[in-house]
Protein chains: 2
Amino acid sequence: MASWKDDVHEIRRRIRSAEYAGQTGGMALGHAQCNVVILPKDQAFDFLVFCMRNPKPCPVLDVLEAGRYEPNIAPGCDIRTDVPKYRVYHNGALLEEVTDIKNYWRDDLVTFLIGCSFTFEARLLAAGIPMRHLELGTVIPVFETNIPCAPAGPFHGNMVVSMRPIQGRRVAEVVQITARVPRVHGAPVHVGAPAAIGIRDLNAPDWGQPVPIRDDEVPVFWACGVTPQAVARASRPPLMITHAPAHMFISDLRDSDLIEN
Amino acid sequence: MASWKDDVHEIRRRIRSAEYAGQTGGMALGHAQCNVVILPKDQAFDFLVFCMRNPKPCPVLDVLEAGRYEPNIAPGCDIRTDVPKYRVYHNGALLEEVTDIKNYWRDDLVTFLIGCSFTFEARLLAAGIPMRHLELGTVIPVFETNIPCAPAGPFHGNMVVSMRPIQGRRVAEVVQITARVPRVHGAPVHVGAPAAIGIRDLNAPDWGQPVPIRDDEVPVFWACGVTPQAVARASRPPLMITHAPAHMFISDLRDSDLIEN
(Lines give C-alpha, C1' and ligand atoms only; values in the text may rest on other atoms or scores of the structure.)
Protein backbone atom coordinates (compact mmCIF):
# COMPACT_ATOMS: atom_id res chain seq x y z
CA MET A 1 0.00 0.00 0.00
CA ALA A 2 3.07 2.27 0.24
CA SER A 3 2.87 5.11 -2.22
CA TRP A 4 5.59 7.41 -3.51
CA LYS A 5 3.77 10.08 -1.47
CA ASP A 6 5.09 8.41 1.68
CA ASP A 7 8.72 8.36 0.47
CA VAL A 8 10.35 11.69 1.10
CA HIS A 9 13.25 11.01 -1.27
CA GLU A 10 10.99 10.09 -4.16
CA ILE A 11 8.73 13.08 -3.40
CA ARG A 12 11.70 15.40 -3.53
CA ARG A 13 12.99 13.85 -6.76
CA ARG A 14 9.64 14.34 -8.46
CA ILE A 15 9.30 17.88 -7.16
CA ARG A 16 12.83 18.86 -8.18
CA SER A 17 12.28 17.53 -11.71
CA ALA A 18 8.87 19.28 -11.87
CA GLU A 19 7.32 15.88 -12.45
CA TYR A 20 5.11 16.75 -9.46
CA ALA A 21 3.91 20.30 -8.93
CA GLY A 22 0.88 19.62 -6.74
CA GLN A 23 0.01 20.21 -3.12
CA THR A 24 1.81 18.35 -0.34
CA GLY A 25 -1.04 17.82 2.15
CA GLY A 26 -0.93 14.28 3.52
CA MET A 27 2.49 13.56 1.98
CA ALA A 28 5.52 12.29 3.93
CA LEU A 29 3.38 12.36 7.08
CA GLY A 30 5.43 13.17 10.17
CA HIS A 31 7.96 15.29 8.28
CA ALA A 32 7.77 18.97 9.12
CA GLN A 33 6.48 20.83 6.10
CA CYS A 34 7.42 24.46 5.62
CA ASN A 35 6.03 27.68 4.30
CA VAL A 36 8.63 29.56 2.29
CA VAL A 37 9.35 33.30 2.22
CA ILE A 38 12.29 34.65 0.22
CA LEU A 39 13.20 38.34 0.40
CA PRO A 40 16.14 40.57 -0.49
CA LYS A 41 18.58 41.01 2.39
CA ASP A 42 17.67 44.64 2.91
CA GLN A 43 14.22 43.55 4.11
CA ALA A 44 15.28 40.41 5.92
CA PHE A 45 15.78 41.96 9.35
CA ASP A 46 12.38 43.64 9.36
CA PHE A 47 10.73 40.42 8.24
CA LEU A 48 12.46 38.38 10.92
CA VAL A 49 11.24 40.88 13.52
CA PHE A 50 7.77 40.49 12.03
CA CYS A 51 8.04 36.72 12.54
CA MET A 52 9.25 37.14 16.13
CA ARG A 53 6.24 39.36 16.86
CA ASN A 54 3.79 36.98 15.22
CA PRO A 55 4.88 33.53 16.32
CA LYS A 56 1.48 31.92 15.81
CA PRO A 57 1.30 32.50 12.03
CA CYS A 58 5.07 32.78 11.46
CA PRO A 59 7.06 30.31 13.60
CA VAL A 60 10.51 30.32 12.04
CA LEU A 61 12.05 26.86 11.60
CA ASP A 62 15.09 27.89 9.57
CA VAL A 63 16.77 30.97 8.10
CA LEU A 64 19.17 30.70 5.14
CA GLU A 65 21.59 33.61 4.95
CA ALA A 66 21.78 35.66 1.78
CA GLY A 67 22.55 33.59 -1.27
CA ARG A 68 22.29 30.25 0.53
CA TYR A 69 19.82 27.77 -0.90
CA GLU A 70 20.56 24.58 1.08
CA PRO A 71 18.28 24.44 4.13
CA ASN A 72 19.86 23.60 7.47
CA ILE A 73 16.81 21.46 8.20
CA ALA A 74 17.15 19.49 4.95
CA PRO A 75 20.78 19.03 3.94
CA GLY A 76 21.19 18.23 0.27
CA CYS A 77 17.99 20.01 -0.72
CA ASP A 78 17.84 23.14 -2.85
CA ILE A 79 15.24 25.72 -1.95
CA ARG A 80 15.31 27.03 -5.54
CA THR A 81 13.90 23.79 -6.96
CA ASP A 82 12.48 21.66 -4.16
CA VAL A 83 9.15 23.40 -3.64
CA PRO A 84 6.39 22.08 -5.92
CA LYS A 85 5.16 25.52 -6.89
CA TYR A 86 6.37 29.04 -6.13
CA ARG A 87 4.68 32.41 -6.25
CA VAL A 88 6.54 35.54 -7.20
CA TYR A 89 5.11 38.77 -5.80
CA HIS A 90 6.25 42.15 -7.16
CA ASN A 91 5.08 45.15 -5.19
CA GLY A 92 2.45 42.96 -3.55
CA ALA A 93 0.96 41.68 -6.79
CA LEU A 94 1.26 38.06 -7.86
CA LEU A 95 3.51 38.16 -10.92
CA GLU A 96 3.65 34.47 -11.72
CA GLU A 97 3.63 30.91 -10.47
CA VAL A 98 6.65 28.79 -11.34
CA THR A 99 8.03 25.35 -10.48
CA ASP A 100 11.56 26.60 -9.85
CA ILE A 101 13.09 29.99 -9.12
CA LYS A 102 16.53 29.61 -10.63
CA ASN A 103 15.79 32.48 -12.98
CA TYR A 104 14.92 34.68 -10.01
CA TRP A 105 17.78 33.68 -7.78
CA ARG A 106 20.15 36.39 -6.57
CA ASP A 107 23.01 36.36 -4.12
CA ASP A 108 21.18 38.77 -1.83
CA LEU A 109 18.09 36.60 -1.31
CA VAL A 110 17.37 35.40 2.23
CA THR A 111 15.10 32.39 2.78
CA PHE A 112 12.78 31.87 5.75
CA LEU A 113 11.24 28.47 6.38
CA ILE A 114 8.13 28.74 8.52
CA GLY A 115 6.27 25.92 10.25
CA CYS A 116 3.16 24.47 8.59
CA SER A 117 0.13 22.89 10.19
CA PHE A 118 0.32 19.96 7.77
CA THR A 119 3.02 18.76 10.16
CA PHE A 120 0.62 17.95 13.00
CA GLU A 121 -1.90 16.19 10.79
CA ALA A 122 -0.02 12.89 11.24
CA ARG A 123 -0.62 13.15 14.99
CA LEU A 124 -4.28 14.02 14.56
CA LEU A 125 -4.79 11.12 12.14
CA ALA A 126 -2.99 8.79 14.54
CA ALA A 127 -5.47 9.86 17.21
CA GLY A 128 -8.32 8.89 14.90
CA ILE A 129 -9.28 12.44 14.03
CA PRO A 130 -10.18 12.63 10.35
CA MET A 131 -8.84 15.43 8.15
CA ARG A 132 -11.62 16.33 5.75
CA HIS A 133 -9.39 17.85 3.06
CA LEU A 134 -7.22 14.72 2.99
CA GLU A 135 -10.28 12.46 2.74
CA LEU A 136 -11.56 14.50 -0.17
CA GLY A 137 -8.16 14.94 -1.79
CA THR A 138 -8.70 18.69 -1.93
CA VAL A 139 -6.53 21.64 -0.94
CA ILE A 140 -7.13 22.78 2.63
CA PRO A 141 -9.32 25.90 2.83
CA VAL A 142 -7.43 28.99 3.96
CA PHE A 143 -8.95 32.37 4.85
CA GLU A 144 -7.68 35.87 5.46
CA THR A 145 -9.09 37.12 8.77
CA ASN A 146 -9.62 40.56 10.27
CA ILE A 147 -7.05 39.79 13.00
CA PRO A 148 -4.20 42.28 12.56
CA CYS A 149 -0.64 41.03 12.85
CA ALA A 150 1.81 43.04 14.95
CA PRO A 151 3.66 45.17 12.36
CA ALA A 152 7.44 45.40 11.94
CA GLY A 153 9.14 47.90 9.65
CA PRO A 154 7.20 47.90 6.38
CA PHE A 155 5.48 44.58 7.09
CA HIS A 156 1.86 44.63 8.19
CA GLY A 157 -1.34 42.78 7.35
CA ASN A 158 -3.95 40.39 8.66
CA MET A 159 -3.51 36.87 9.90
CA VAL A 160 -4.40 34.03 7.55
CA VAL A 161 -5.89 30.84 8.99
CA SER A 162 -6.41 27.27 7.82
CA MET A 163 -9.70 25.59 8.69
CA ARG A 164 -10.42 22.01 9.60
CA PRO A 165 -13.90 20.77 10.65
CA ILE A 166 -13.62 18.90 13.96
CA GLN A 167 -16.29 16.94 15.81
CA GLY A 168 -17.42 18.88 18.87
CA ARG A 169 -16.52 15.97 21.10
CA ARG A 170 -12.91 16.00 19.89
CA VAL A 171 -12.14 19.70 19.96
CA ALA A 172 -10.47 19.57 23.38
CA GLU A 173 -8.25 16.67 22.29
CA VAL A 174 -7.33 18.48 19.07
CA VAL A 175 -6.38 21.58 21.06
CA GLN A 176 -4.21 19.53 23.38
CA ILE A 177 -2.45 17.62 20.59
CA THR A 178 -1.70 20.70 18.52
CA ALA A 179 -0.76 22.88 21.51
CA ARG A 180 2.28 20.65 21.97
CA VAL A 181 3.80 21.72 18.65
CA PRO A 182 3.82 25.53 18.71
CA ARG A 183 6.45 25.76 15.96
CA VAL A 184 3.97 24.37 13.46
CA HIS A 185 1.26 26.83 14.58
CA GLY A 186 0.28 25.04 17.78
CA ALA A 187 -3.19 25.35 19.27
CA PRO A 188 -6.02 26.84 17.22
CA VAL A 189 -6.43 30.60 17.21
CA HIS A 190 -10.20 30.39 16.88
CA VAL A 191 -12.98 27.82 17.29
CA GLY A 192 -16.40 28.36 15.71
CA ALA A 193 -17.92 31.82 15.15
CA PRO A 194 -16.19 32.51 11.79
CA ALA A 195 -17.86 35.89 11.38
CA ALA A 196 -16.10 37.11 14.52
CA ILE A 197 -12.78 36.92 12.66
CA GLY A 198 -14.11 38.38 9.44
CA ILE A 199 -14.87 35.15 7.58
CA ARG A 200 -18.15 35.72 5.80
CA ASP A 201 -18.52 32.48 3.92
CA LEU A 202 -16.83 29.21 4.84
CA ASN A 203 -17.64 27.97 1.35
CA ALA A 204 -15.50 30.68 -0.26
CA PRO A 205 -11.94 30.32 1.04
CA ASP A 206 -9.34 32.83 -0.09
CA TRP A 207 -7.00 29.97 -0.96
CA GLY A 208 -7.66 26.23 -1.33
CA GLN A 209 -11.02 24.56 -1.66
CA PRO A 210 -14.09 24.51 0.59
CA VAL A 211 -14.92 21.40 2.63
CA PRO A 212 -18.29 20.44 4.10
CA ILE A 213 -18.85 20.93 7.83
CA ARG A 214 -21.15 18.30 9.31
CA ASP A 215 -23.81 18.90 11.93
CA ASP A 216 -21.68 17.48 14.74
CA GLU A 217 -18.61 19.52 13.78
CA VAL A 218 -17.32 23.02 14.36
CA PRO A 219 -14.87 24.88 12.15
CA VAL A 220 -11.49 25.09 13.89
CA PHE A 221 -9.00 27.69 12.70
CA TRP A 222 -5.21 27.56 12.95
CA ALA A 223 -2.80 30.38 12.22
CA CYS A 224 -1.32 29.77 8.78
CA GLY A 225 2.01 30.40 7.13
CA VAL A 226 0.24 31.91 4.13
CA THR A 227 0.05 35.02 6.34
CA PRO A 228 3.22 36.49 4.73
CA GLN A 229 1.44 36.40 1.38
CA ALA A 230 -1.42 38.50 2.78
CA VAL A 231 1.30 40.71 4.25
CA ALA A 232 2.91 41.02 0.80
CA ARG A 233 -0.39 42.16 -0.66
CA ALA A 234 -0.85 44.71 2.12
CA SER A 235 2.75 45.87 2.45
CA ARG A 236 3.86 45.67 -1.21
CA PRO A 237 7.53 44.79 -0.86
CA PRO A 238 9.39 45.12 -4.19
CA LEU A 239 10.03 41.36 -4.32
CA MET A 240 8.77 38.42 -2.24
CA ILE A 241 8.97 34.84 -3.43
CA THR A 242 6.87 32.27 -1.58
CA HIS A 243 5.54 28.76 -2.00
CA ALA A 244 2.08 28.47 -3.53
CA PRO A 245 -0.37 27.83 -0.67
CA ALA A 246 -0.44 24.12 0.28
CA HIS A 247 2.56 23.42 -1.97
CA MET A 248 5.11 23.15 0.83
CA PHE A 249 8.79 22.47 1.25
CA ILE A 250 9.25 19.13 3.04
CA SER A 251 12.09 19.20 5.58
CA ASP A 252 13.99 16.50 7.43
CA LEU A 253 12.61 17.70 10.77
CA ARG A 254 10.07 15.35 12.28
CA ASP A 255 6.91 16.39 14.07
CA SER A 256 8.31 14.61 17.13
CA ASP A 257 11.32 16.97 17.08
CA LEU A 258 8.95 19.87 17.55
CA ILE A 259 7.13 18.79 20.72
CA GLU A 260 7.69 21.50 23.31
CA ASN A 261 5.49 20.67 26.26
CA MET B 1 -14.74 45.15 48.61
CA ALA B 2 -14.41 41.81 50.38
CA SER B 3 -17.75 40.09 50.73
CA TRP B 4 -18.79 37.26 53.02
CA LYS B 5 -18.94 35.23 49.78
CA ASP B 6 -15.14 35.28 49.71
CA ASP B 7 -14.77 34.06 53.32
CA VAL B 8 -15.10 30.31 53.48
CA HIS B 9 -15.68 30.26 57.24
CA GLU B 10 -18.50 32.78 57.07
CA ILE B 11 -19.98 31.00 54.05
CA ARG B 12 -20.01 27.73 55.97
CA ARG B 13 -21.51 29.34 59.08
CA ARG B 14 -24.35 30.81 57.06
CA ILE B 15 -24.93 27.57 55.19
CA ARG B 16 -24.89 25.46 58.34
CA SER B 17 -27.41 27.75 60.01
CA ALA B 18 -29.57 27.75 56.85
CA GLU B 19 -29.15 31.51 56.78
CA TYR B 20 -27.90 30.95 53.23
CA ALA B 21 -29.43 28.27 51.02
CA GLY B 22 -28.46 29.60 47.61
CA GLN B 23 -26.07 28.55 44.88
CA THR B 24 -22.31 28.65 45.45
CA GLY B 25 -21.11 29.70 41.99
CA GLY B 26 -18.41 32.36 42.31
CA MET B 27 -18.10 31.90 46.08
CA ALA B 28 -14.80 31.17 47.90
CA LEU B 29 -13.05 31.22 44.53
CA GLY B 30 -10.10 28.84 44.41
CA HIS B 31 -11.63 26.40 46.90
CA ALA B 32 -12.59 23.09 45.37
CA GLN B 33 -16.36 22.83 45.36
CA CYS B 34 -17.97 19.41 45.43
CA ASN B 35 -20.97 17.58 44.13
CA VAL B 36 -22.48 15.33 46.77
CA VAL B 37 -23.88 11.81 46.43
CA ILE B 38 -25.02 9.88 49.49
CA LEU B 39 -26.13 6.26 49.19
CA PRO B 40 -26.72 3.31 51.48
CA LYS B 41 -23.65 1.13 51.90
CA ASP B 42 -25.13 -1.76 49.95
CA GLN B 43 -24.96 0.36 46.79
CA ALA B 44 -21.71 2.15 47.57
CA PHE B 45 -19.39 -0.29 45.83
CA ASP B 46 -21.37 -0.26 42.59
CA PHE B 47 -21.51 3.52 42.64
CA LEU B 48 -17.79 3.84 43.23
CA VAL B 49 -17.18 1.53 40.27
CA PHE B 50 -19.52 3.76 38.27
CA CYS B 51 -17.38 6.77 39.21
CA MET B 52 -14.16 4.95 38.29
CA ARG B 53 -15.62 4.14 34.88
CA ASN B 54 -16.85 7.68 34.30
CA PRO B 55 -14.04 9.93 35.53
CA LYS B 56 -15.03 12.92 33.41
CA PRO B 57 -18.45 13.47 35.05
CA CYS B 58 -17.65 11.73 38.36
CA PRO B 59 -14.09 12.45 39.55
CA VAL B 60 -14.09 11.34 43.19
CA LEU B 61 -12.38 13.78 45.57
CA ASP B 62 -13.38 12.09 48.82
CA VAL B 63 -15.29 9.09 50.15
CA LEU B 64 -16.72 9.04 53.67
CA GLU B 65 -17.23 5.54 54.99
CA ALA B 66 -20.66 4.48 56.23
CA GLY B 67 -21.97 6.72 58.97
CA ARG B 68 -19.16 9.26 58.72
CA TYR B 69 -20.16 12.84 58.08
CA GLU B 70 -16.88 14.75 58.50
CA PRO B 71 -15.17 15.09 55.10
CA ASN B 72 -11.47 14.26 54.93
CA ILE B 73 -11.07 17.24 52.62
CA ALA B 74 -12.78 19.65 55.04
CA PRO B 75 -12.06 18.71 58.68
CA GLY B 76 -14.60 20.17 61.09
CA CYS B 77 -17.35 20.28 58.50
CA ASP B 78 -20.51 18.20 58.63
CA ILE B 79 -21.85 16.86 55.36
CA ARG B 80 -25.34 16.64 56.91
CA THR B 81 -25.62 20.42 57.32
CA ASP B 82 -22.93 22.14 55.28
CA VAL B 83 -24.49 21.96 51.84
CA PRO B 84 -26.81 24.87 51.07
CA LYS B 85 -29.54 22.69 49.64
CA TYR B 86 -30.00 18.93 49.33
CA ARG B 87 -32.18 16.81 47.13
CA VAL B 88 -33.62 13.54 48.31
CA TYR B 89 -34.42 11.00 45.60
CA HIS B 90 -36.56 7.96 46.34
CA ASN B 91 -36.68 5.35 43.59
CA GLY B 92 -35.34 7.98 41.18
CA ALA B 93 -38.02 10.56 41.93
CA LEU B 94 -37.23 13.83 43.67
CA LEU B 95 -38.94 13.55 47.05
CA GLU B 96 -37.96 16.87 48.53
CA GLU B 97 -35.38 19.64 48.80
CA VAL B 98 -34.06 20.38 52.27
CA THR B 99 -31.35 22.53 53.88
CA ASP B 100 -30.09 19.75 56.12
CA ILE B 101 -30.37 15.98 56.10
CA LYS B 102 -30.18 15.21 59.81
CA ASN B 103 -33.63 13.65 59.63
CA TYR B 104 -32.47 11.36 56.85
CA TRP B 105 -29.15 10.42 58.33
CA ARG B 106 -28.44 6.74 58.95
CA ASP B 107 -25.35 4.88 60.04
CA ASP B 108 -25.18 3.00 56.74
CA LEU B 109 -24.96 6.07 54.53
CA VAL B 110 -21.81 6.51 52.46
CA THR B 111 -20.90 9.95 51.09
CA PHE B 112 -19.10 10.64 47.84
CA LEU B 113 -17.67 14.09 47.13
CA ILE B 114 -17.18 14.66 43.43
CA GLY B 115 -15.24 17.46 41.76
CA CYS B 116 -17.13 20.48 40.42
CA SER B 117 -16.24 22.75 37.53
CA PHE B 118 -16.91 25.83 39.70
CA THR B 119 -13.42 25.08 41.00
CA PHE B 120 -11.64 26.09 37.79
CA GLU B 121 -13.62 29.27 37.30
CA ALA B 122 -11.14 31.20 39.47
CA ARG B 123 -8.39 30.26 37.02
CA LEU B 124 -10.46 31.20 34.00
CA LEU B 125 -11.40 34.55 35.56
CA ALA B 126 -7.74 35.17 36.43
CA ALA B 127 -6.92 34.62 32.75
CA GLY B 128 -9.46 37.30 31.85
CA ILE B 129 -12.07 34.88 30.57
CA PRO B 130 -15.51 36.04 31.66
CA MET B 131 -18.03 33.62 33.13
CA ARG B 132 -21.41 34.68 31.84
CA HIS B 133 -23.47 33.08 34.65
CA LEU B 134 -21.37 34.86 37.28
CA GLU B 135 -21.71 38.20 35.48
CA LEU B 136 -25.47 37.75 35.39
CA GLY B 137 -25.73 36.31 38.89
CA THR B 138 -27.66 33.35 37.53
CA VAL B 139 -27.33 29.60 38.03
CA ILE B 140 -25.11 27.96 35.43
CA PRO B 141 -27.11 26.16 32.72
CA VAL B 142 -26.82 22.37 32.88
CA PHE B 143 -28.10 19.89 30.32
CA GLU B 144 -28.65 16.16 30.14
CA THR B 145 -26.99 14.84 26.97
CA ASN B 146 -27.45 11.72 24.88
CA ILE B 147 -23.91 10.57 25.81
CA PRO B 148 -24.29 7.28 27.70
CA CYS B 149 -22.19 6.73 30.80
CA ALA B 150 -20.44 3.40 31.21
CA PRO B 151 -22.80 1.42 33.50
CA ALA B 152 -21.85 -0.30 36.74
CA GLY B 153 -24.17 -2.60 38.67
CA PRO B 154 -27.58 -0.91 38.73
CA PHE B 155 -26.21 2.51 37.83
CA HIS B 156 -26.66 3.76 34.29
CA GLY B 157 -27.75 6.94 32.56
CA ASN B 158 -26.59 9.82 30.39
CA MET B 159 -23.88 12.35 31.04
CA VAL B 160 -24.92 15.77 32.26
CA VAL B 161 -22.91 18.81 31.13
CA SER B 162 -22.54 22.41 32.21
CA MET B 163 -22.31 25.09 29.52
CA ARG B 164 -20.26 28.27 29.39
CA PRO B 165 -20.18 30.55 26.32
CA ILE B 166 -16.54 31.20 25.36
CA GLN B 167 -15.16 33.56 22.72
CA GLY B 168 -13.91 31.59 19.74
CA ARG B 169 -10.47 33.13 20.09
CA ARG B 170 -10.14 31.85 23.67
CA VAL B 171 -11.41 28.29 23.32
CA ALA B 172 -7.92 26.81 22.98
CA GLU B 173 -6.74 28.63 26.11
CA VAL B 174 -9.81 27.51 28.03
CA VAL B 175 -9.18 23.90 26.99
CA GLN B 176 -5.57 24.13 28.14
CA ILE B 177 -6.38 25.75 31.49
CA THR B 178 -9.13 23.30 32.36
CA ALA B 179 -7.27 20.23 31.04
CA ARG B 180 -4.81 20.72 33.89
CA VAL B 181 -7.44 19.99 36.54
CA PRO B 182 -9.02 16.67 35.54
CA ARG B 183 -10.41 16.04 39.04
CA VAL B 184 -12.78 18.97 38.64
CA HIS B 185 -13.93 17.72 35.20
CA GLY B 186 -10.89 18.88 33.23
CA ALA B 187 -11.08 19.73 29.54
CA PRO B 188 -14.47 20.20 27.89
CA VAL B 189 -16.25 17.12 26.58
CA HIS B 190 -17.84 19.04 23.70
CA VAL B 191 -17.43 22.36 21.89
CA GLY B 192 -20.23 23.78 19.74
CA ALA B 193 -22.76 21.59 17.86
CA PRO B 194 -25.16 21.11 20.82
CA ALA B 195 -27.60 19.03 18.78
CA ALA B 196 -24.89 16.40 18.31
CA ILE B 197 -25.10 15.60 22.04
CA GLY B 198 -28.86 15.76 22.20
CA ILE B 199 -29.27 19.36 23.37
CA ARG B 200 -32.18 20.75 21.41
CA ASP B 201 -32.48 24.21 22.91
CA LEU B 202 -29.69 26.05 24.70
CA ASN B 203 -32.32 28.36 26.13
CA ALA B 204 -34.01 25.51 27.97
CA PRO B 205 -31.48 23.95 30.33
CA ASP B 206 -32.53 20.94 32.39
CA TRP B 207 -31.12 22.62 35.50
CA GLY B 208 -30.08 26.22 36.12
CA GLN B 209 -30.87 29.22 33.96
CA PRO B 210 -30.12 30.02 30.31
CA VAL B 211 -27.40 32.52 29.41
CA PRO B 212 -27.05 34.45 26.14
CA ILE B 213 -24.40 33.30 23.65
CA ARG B 214 -22.92 36.17 21.69
CA ASP B 215 -21.99 36.13 18.01
CA ASP B 216 -18.27 35.73 18.70
CA GLU B 217 -18.81 32.88 21.18
CA VAL B 218 -19.37 29.15 21.05
CA PRO B 219 -21.07 27.04 23.71
CA VAL B 220 -18.48 24.95 25.53
CA PHE B 221 -19.65 21.92 27.51
CA TRP B 222 -17.97 20.32 30.51
CA ALA B 223 -18.90 17.03 32.14
CA CYS B 224 -20.92 17.81 35.25
CA GLY B 225 -21.32 16.25 38.67
CA VAL B 226 -25.08 16.47 38.34
CA THR B 227 -24.70 13.31 36.25
CA PRO B 228 -25.48 11.08 39.29
CA GLN B 229 -28.85 12.79 39.55
CA ALA B 230 -29.65 11.86 35.95
CA VAL B 231 -28.41 8.39 36.85
CA ALA B 232 -30.77 8.33 39.83
CA ARG B 233 -33.71 9.16 37.56
CA ALA B 234 -32.68 6.45 35.11
CA SER B 235 -31.58 3.78 37.61
CA ARG B 236 -34.08 4.41 40.42
CA PRO B 237 -32.05 3.49 43.48
CA PRO B 238 -34.24 3.27 46.60
CA LEU B 239 -32.47 6.26 48.20
CA MET B 240 -29.97 8.81 46.88
CA ILE B 241 -29.32 12.10 48.60
CA THR B 242 -27.48 14.76 46.60
CA HIS B 243 -26.80 18.48 46.64
CA ALA B 244 -29.22 20.62 44.65
CA PRO B 245 -27.51 21.50 41.36
CA ALA B 246 -25.14 24.49 41.77
CA HIS B 247 -25.57 24.36 45.57
CA MET B 248 -22.21 22.79 46.30
CA PHE B 249 -20.20 21.66 49.29
CA ILE B 250 -17.12 23.88 49.64
CA SER B 251 -14.02 21.94 50.66
CA ASP B 252 -10.62 22.96 51.99
CA LEU B 253 -8.89 21.66 48.84
CA ARG B 254 -7.58 24.42 46.61
CA ASP B 255 -7.74 24.43 42.85
CA SER B 256 -3.93 24.57 42.89
CA ASP B 257 -3.87 21.23 44.76
CA LEU B 258 -5.61 19.66 41.82
CA ILE B 259 -3.23 20.56 38.99
CA GLU B 260 -2.06 17.32 37.41
CA ASN B 261 -0.11 18.25 34.35
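Draft legend 1. Just the relation of the copies chain A and chain B, in detail. Mapping chain A onto chain B calls for a screw motion: a turn of 180° about the axis and a shift of 0.0 Å along it, with 0.0 Å RMSD after fitting. Seen this way, the second copy is the image of the first under a two-fold rotation axis.

Draft legend 2. Region of the structure containing helix 6 (residues 227–235) of chain B. All names here are of chain B. Summarising burial for helix 6: seven of the nine residues are buried, a large majority. Turning to helix 6, its buried residues number three or more, namely Thr227, Pro228, Gln229, Ala230, Val231, Ala232 and Ser235. Residues of helix 6 that are buried sit in contact with strand 1 (31–40), strand 3 (86–90), strand 6 (142–148), strand 7 (158–167) and strand 10 (239–243). At the C-terminal side of helix 6, arginine 236 shows a positive phi close to 55°.

Draft legend 3. Inspection of the nonpolar core at higher detail. Cys34, Val161 and Val171 of chain A together with Cys34, Val161 and Val171 of chain B are the most contacted members of the largest nonpolar core, which totals 148 residues. Look past the residues within four positions of cysteine 34 of chain B in its chain and what remains in contact with it is Leu61, Leu113, Ile114, Gly115, Cys116, Met248, Phe249 and Ser251 of chain B.

Draft legend 4. Molecular detail of the packing of helix 3 (residues 118–126) of chain B against helix 5 (residues 171–179) of chain B. Residues and elements named next belong to chain B. Where helix 3 meets helix 5, the axes come as close as 10 Å, and the angle between the chain directions of the two elements is 130°. Taken as axis vectors, helix 3 and helix 5 run oblique relative to one another. Crossing of helix 3 against helix 5: the hand is right-handed. Note on element contacts: helix 5 touches helix 3 through Val174, Ile177 and Thr178, opposite Phe120, Arg123 and Leu124. Tallied by class, the residues present in the contact of helix 3 with helix 5 amount to four nonpolar, one polar and one charged.

Draft legend 5. Broad picture of the packing of helix 5 (residues 171–179) of chain A against helix 5 of chain B. It is the contact of helix 5 of chain A with helix 5 of chain B, at a shortest axis distance of 9 Å, that shows an interaxial angle of 90°. Taken together, helix 5 of chain A and helix 5 of chain B sit at an angle that is classed as roughly perpendicular. From helix 5 of chain A, Ala172, Val175, Gln176 and Ala179 of chain A reach across to helix 5 of chain B, where they touch Ala172, Val175, Gln176 and Ala179 of chain B. Across the contact of helix 5 of chain A with helix 5 of chain B, the residue classes break down as six nonpolar, two polar and no charged.

Draft legend 6. Structural detail: unusual backbone geometry. Residues and elements named next belong to chain A. Residue alanine 193 is not a glycine yet carries a positive backbone phi of 45°. Tracing the backbone through its elements, the reader meets alanine 193 in the loop between strand 8 (190–191) and strand 9 (217–223). At arginine 236, a position not held by glycine, the phi torsion is positive, near 55°. Summarising the element assignment, arginine 236 is placed in the loop between helix 6 (227–235) and strand 10 (239–243). With 14 C-beta atoms counted inside 10 Å, the residue arginine 236 sits in the partly exposed group.

Draft legend 7. Structural detail: the domain arrangement of chain A. All names here are of chain A. On domain assignment, one finds that chain A holds domain 1 (4–116 + 235–254) and domain 2 (118–223). The straight-line distance from the C-alpha centre of domain 1 to that of domain 2 is 21 Å. Residue-level contacts link 25 residues of domain 1 with 28 residues of domain 2. Mapped by element, the contributors of at least two residues to the side of domain 1 that touches domain 2 are strand 1 (31–40) and helix 2 (41–53). Broken down by element, the side of domain 1 that touches domain 2 gets its largest block of residues, five residues, from helix 2.

Rules and cut-offs
- The residue numbering used here restarts from 1 in each chain and proceeds along that chain's sequence as written.
- Chains and ligands are labelled sequentially in the order written, the chains with letters from A and the ligands with numbers from 1.
- Totals for whole chains, interfaces and linings use all residues, but because this is a predicted model, local features are given only for residues with pLDDT of at least 70 and pairs of side-chain atoms are given and counted only at 80 or more.
- The copies were overlaid by least squares, fitting only the C-alpha atoms of residues that reach a pLDDT of 70 or more in each copy.
- Exposure classes come from backbone-placed C-beta atoms, where a residue is buried if 20 or more other C-beta atoms lie within 10 Å of its own, exposed if 12 or fewer do, and partly exposed in between.
- The helix and strand labels rest on DSSP assignments: H or I over at least four residues marks a helix, E over at least two residues marks a strand, and numbering proceeds from the N terminus.
- Remark: residues whose backbone-derived C-beta atoms lie within 7 Å of one another are considered to be in contact.
- Nonpolar core, as used here: buried Ala, Val, Leu, Ile, Met, Phe, Trp, Tyr and Cys residues forming one set through C-beta atoms within 7 Å.
- A fitted line through C-alpha atoms represents every axis, and for helices the fit uses only the stretch in contact; the resulting angles, taken between N-to-C directions, go from 0 to 180 degrees.
- When an angle is under 35 degrees it counts as roughly parallel; over 145 it counts as roughly antiparallel; between 65 and 115 it counts as roughly perpendicular; any other value is oblique.
- Handedness of a crossing is defined here by the sense of rotation of the near helix relative to the far one, left-handed for an anticlockwise turn of less than a right angle and right-handed for a clockwise turn.
- Residues were grouped as follows: Ala, Val, Leu, Ile, Met, Phe, Trp, Tyr, Cys and Pro as nonpolar; Asp, Glu, Lys and Arg as charged; and all remaining residues, including Gly, as polar.
- The domain boundaries here were taken from an automatic or database domain assignment.

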